[in-house]
Structure formats: C-alpha cells, structure tokens
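Read off the chains here:
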Amino acid sequence: MRHMLNPLDFSVEEIDRLLALATDMEHRLDQYAHVCDGKKLATLFYEPSTRTRLSFESAMLNLGGSVLGFSSADSSSASKGESVADTIRVISCYADIAAMRHPKEGAALVAAQHASIPIINAGDGGHQHPTQTLTDLLTIRALKGRLSSMTVGLCGDLKFGRTVHSLINAMVRYPDIRFVLISPDELKVPSYIREDVLKANHIQFEEVNSLDEAMSKLDILYMTRVQRERFFNEDDYIRLKDCYILDKKKMKLAKKDMYVLHPLPRVNEISIEVDKDPRAAYFKQVQYGVYVRMALIMTLLEVEKPC
Ligand code: NCD
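Our subject in this report is the structure included herewith. (Residues numbered from 1 in each chain as written. Predicted model: local features only at pLDDT ≥ 70, side-chain atom pairs only at ≥ 80, totals over all residues. Heavy atoms only, no water.)

1. Quick look at a nonpolar patch on the surface
- Side chains of Leu 68, Val 90 and Tyr 94 sit close together on the surface and give an oily, nonpolar patch of about 240 Å² of accessible area.
- Mapped onto the fold, Leu 68 is located in strand β2 (residues 66–70). (Patch = residues over 30% accessible without salt bridge, like charges linked within 9 Å, V, L, I, M, F, W, Y side chains within 5 Å. Areas by Shrake-Rupley, 256 points an atom, 1.4 Å probe, with all protein chains shown as cover. Salt bridge = Lys/Arg side-chain N within 4 Å of Asp/Glu carboxyl O. Helix = DSSP H or I, 4+ residues; strand = E, 2+ residues; numbered from the N terminus.)

Written out as structure tokens, the structure is:
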C-alpha cells in the first residue's frame, strides 16, 4: 500500500506517468466516469480549505466514487481529544482512501503509520503540500511544454508556505532548474530547504528582496500569500502582509511567455487587474488540480486506466 505524504514519495518516472494520466483525463473525462464505482474517499480536514477539499471531492465524484468526511476539527472527535492515530484507524473501516489536512507538521505521516488505507497529505502545517505540487507541475508542463531548463521565481511567504517547500523539493529533480527566492528577510525559506534541498542538490538559486528586479529573469512566477495563521505575532503579520503586490506595471517587466501561478487563496498579492493578462494562469491551475487528484486517487487505489 502506498501513500502520498511528500512529492518525493513518487519517483520522477512515476510523476511523469501520473501527469500523463491527468492529461488523458483532461481530453476524455467521460471515459473515467465509472473507474472508481463503489469506492469511498474520506476527506479529513482539521484546517480550513476550499480548493483542496472540494477538488478532492470533485475528483472522486468524477471517477464515480463517493465521498465522506469533515471540514473542521471542531466538527470531528478531535474536539473531544481523539488522536490522529485513533481517528485514522476508525476511518480505515469507513473508506478506501483518505486525504488529510492538519495544522501540525508530520500529522499525515502519523496517520499513514496507523492507517490500513492509502493516505494523501493535503497539507501538514507549514511543511508539505504534495497535491498542490502535482497541480503546479501539471500546470507548468501544460503551459511551457517541459519541467526542465527554466528559472522559477517564488515570491511571498517562503518561510511558512508549504506549497513553496513542496514545489522546490519536487523541481530540483529536473535538469537545469534555477530559483529566484523573493521574500522579505523575515520570510525566507527554512534552512532545511536551503541546505538539504537546494545546496545538497547543487541547484542554482538566489535570495532577493525585490520582485521588480527579479521579474525579467523569470519563466514562471509563483506568488504566495503571507500565511497569517502561522504567525505568532499579529503586528509582524500586518507589517509584512502587503510586502509584494503584483500589478500591471510589474507584469510589463516580465517575459512575454512568463506565467504567473498561485496556489490560492489570493489576498492582496496579485492585483485583480492582472487576472486579464494571458500570462495569469492561477485559475487554469485550479482545473488542473482536479485532474491530477483524479490521477492520484486512481494510482493509489491501483485502478486500471480505461482503454
Ligand atoms: C495553500 C495551502 O493551503 O497551503 N492553498 C491551497 O491548498 N490551495 C496555500 C495557502 O493557503 O496560502
């Protein structure tokens, strides 16, 4: 039995196969309408979510399966003090696969250790968010035709942004990838990303404060929101929350084929005037998130691809 806790749980070849399956779904969705008939997905969300939870549910419904679950810790037995380990033992009797989001780093790993069904990490604190990364990889591959030889700018809250950590982890495995890490000093990537992921893999990267200066170098710009819920101090959040705002003026500095991605939700970091720019790809990204989660559910449940 396999789980998806970290993008590195799948080899580059396995990710390629998964993205190919997701692309096939994009083109002939109808053929997949019954491949998971009779199967159940549990969505265990201890932290707020719109896209991730609903995209998992939409993915399972598209495959003919059904969904059950909870959308906040308050409405689960966690509020009575039940441990993740016990909850997942119980859920293993109700569902065939589970997607879990939890505010604590490592919670999905604990769940996987006690589950008898595949567990998908739908975000564990500021740590990892592998299915957002699969979404990002599918989007980048669809827009650029490749996942290699490019400069990726990551901008905003690189300290607490789990989507950033997962994306860096996944992209260092492709040839000739460079990163420009754009953040205020207080929100730089954690040192394990800098040392154990970037430096250990001999990846070319720079850490800068100015988005304007970075714009012209980038092939992809990955914007992120400042993660209010992970700050210890509201004053720090208020000081940093609007440190980057991508607007039309900044987009003029970018290459004609530079695409803007964002895991969403957006707060202020992308001005709505950018939405009309053909290079704004963040809403397309949402649709790719459904296909990739369909492909992941099928893969973990070992369901055959229809001919
Ligand atoms: C992200 C998350 O939850 O980490 N959202 C998402 O899953 N699409 C990013 C965020 O909340 O800022």
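2. Examining the packing of aromatic side chains
- Applying the stated rule across the entire model yields four aromatic pairs.
- Centre to centre, the rings of Tyr 46 and Phe 70 are 5.2 Å apart; their planes meet at 85°, and the pair counts as edge-to-face. Placement of the pair is Tyr 46 in the loop between β1 (40–45) and α2 (51–62) and Phe 70 in strand β2, with a sequence separation of 24 residues. Each member of the pair, Tyr 46 as well as Phe 70, is classed as buried.
- Their ring planes at 65° and their centres at 5.4 Å tell us that Tyr 282 and Phe 283 sit as a pair that is edge-to-face.
- One cation-aromatic arrangement involves Arg 2 over Phe 10; the distance from NZ or CZ to the ring centre is 4.4 Å.
- Note that Arg 293 overlies the ring of Phe 56, its terminal NZ or CZ placed 5.0 Å from the centroid. (Phe/Tyr/Trp six-rings, centres within 6.5 Å; stacked < 30°, edge-to-face > 60°. Buried < 20%, exposed > 50% of the residue type's maximum accessible area, 1.4 Å probe, protein only. Lys NZ or Arg CZ within 6 Å of the ring centre and 35° of its normal.)

3. Some details on the pattern of salt bridges
- Considering all chains together, one arrives at 20 salt bridges under this definition.
- We note a salt bridge from Arg 162 to Glu 47, for which the minimum N-O separation is 3.0 Å. Of this pair, Arg 162 sits in helix α6 (residues 162–171) while Glu 47 sits in the loop between β1 and α2, and the two are 115 residues apart along the sequence. Judged on exposure class, the residue Arg 162 and its partner Glu 47 are both buried.

4. Digging into helix α4 (residues 107–114)
- Here α4 has its buried residues at Ala 107, Ala 108, Ala 111 and Ala 112. Burial along α4 is one-sided: seen end-on, the buried residues are contained in an arc of 140°.
- Elements that come into contact with the buried residues of α4 comprise α3 (84–91), β3 (97–102) and β4 (119–124). (Arc of directions from axis to C-beta. Contact = heavy atoms within 4.5 Å.)

5. Side note on the sheet that holds strand β6 (residues 177–182)
- Reading across from one edge, β7-β6-β5-β8-β9 is the order of the five strands in this open sheet, with parallel pairing throughout. Two strands bound the open sheet, and with one partner strand each, they are β7 (204–208) and β9 (259–261). Mean inter-strand twist for the sheet, computed between neighbouring axes without regard to direction, equals 20°.
- Both strand β5 (residues 150–155) and strand β8 (residues 220–223) contribute to a ladder of four bridges, which runs parallel. Paired with Cys 155 across the bridge in β8 is Met 223.
- Across the sheet, helix α5 (residues 130–144) is in contact with β5, β8 and β9; its angle to β9 comes to roughly 165°.
- Sitting on the sheet, helix α7 (residues 191–199) touches β6 and β7, and the angle it makes with β7 is about 160°. (Pairing = 2+ DSSP bridges. Axes fitted to C-alpha atoms, helices over the stretch in contact; angles between N-to-C directions.)

6. Comments concerning the site of the ligand
- With respect to spatial proximity, the complete set of residues near the ligand consists of Arg 51, Thr 52, Arg 101, His 129, Gln 132, Arg 162, Thr 163, Arg 225, Gln 227, Pro 263, Leu 264 and Pro 265.
- The separation between an oxygen atom of the ligand and a polar side-chain atom of Arg 101 is 3.0 Å.
- Leu 264 places a main-chain nitrogen or oxygen 2.9 Å from a nitrogen atom of the ligand.
- In isolation the ligand exposes 310 Å². Once the protein is present, 95% of that is buried.
- Contributions of two or more residues to the shell around the ligand are made by α2 and α6.
- Looking at the shell around the ligand residue by residue, the class counts come to three nonpolar, five polar and four charged. (Near = heavy atom within 4 Å. Polar contact = N/O pair within 3.5 Å; in protein donor to acceptor, adjacent residues only side chain to side chain. Nonpolar A, V, L, I, M, F, W, Y, C, P; charged D, E, K, R; others polar.)

7. Points about the sheet that holds β2
- Taken together, the four strands give an open sheet; going across it, the order is β2-β1-β3-β4, and neighbouring strands pair in parallel fashion. A single partner strand is all that each edge strand has here, and the edge strands are β2 and β4. Across the sheet, the axes of successive neighbouring strands diverge by a mean angle of 15°, strand direction being ignored.
- Here five bridges tie β1 to β2, and the two strands are oriented parallel to one another. Its bridge partner being in β2, Leu 44 is matched across the sheet by Phe 70.

Functional significance is not addressed by these values, which are geometric in nature.
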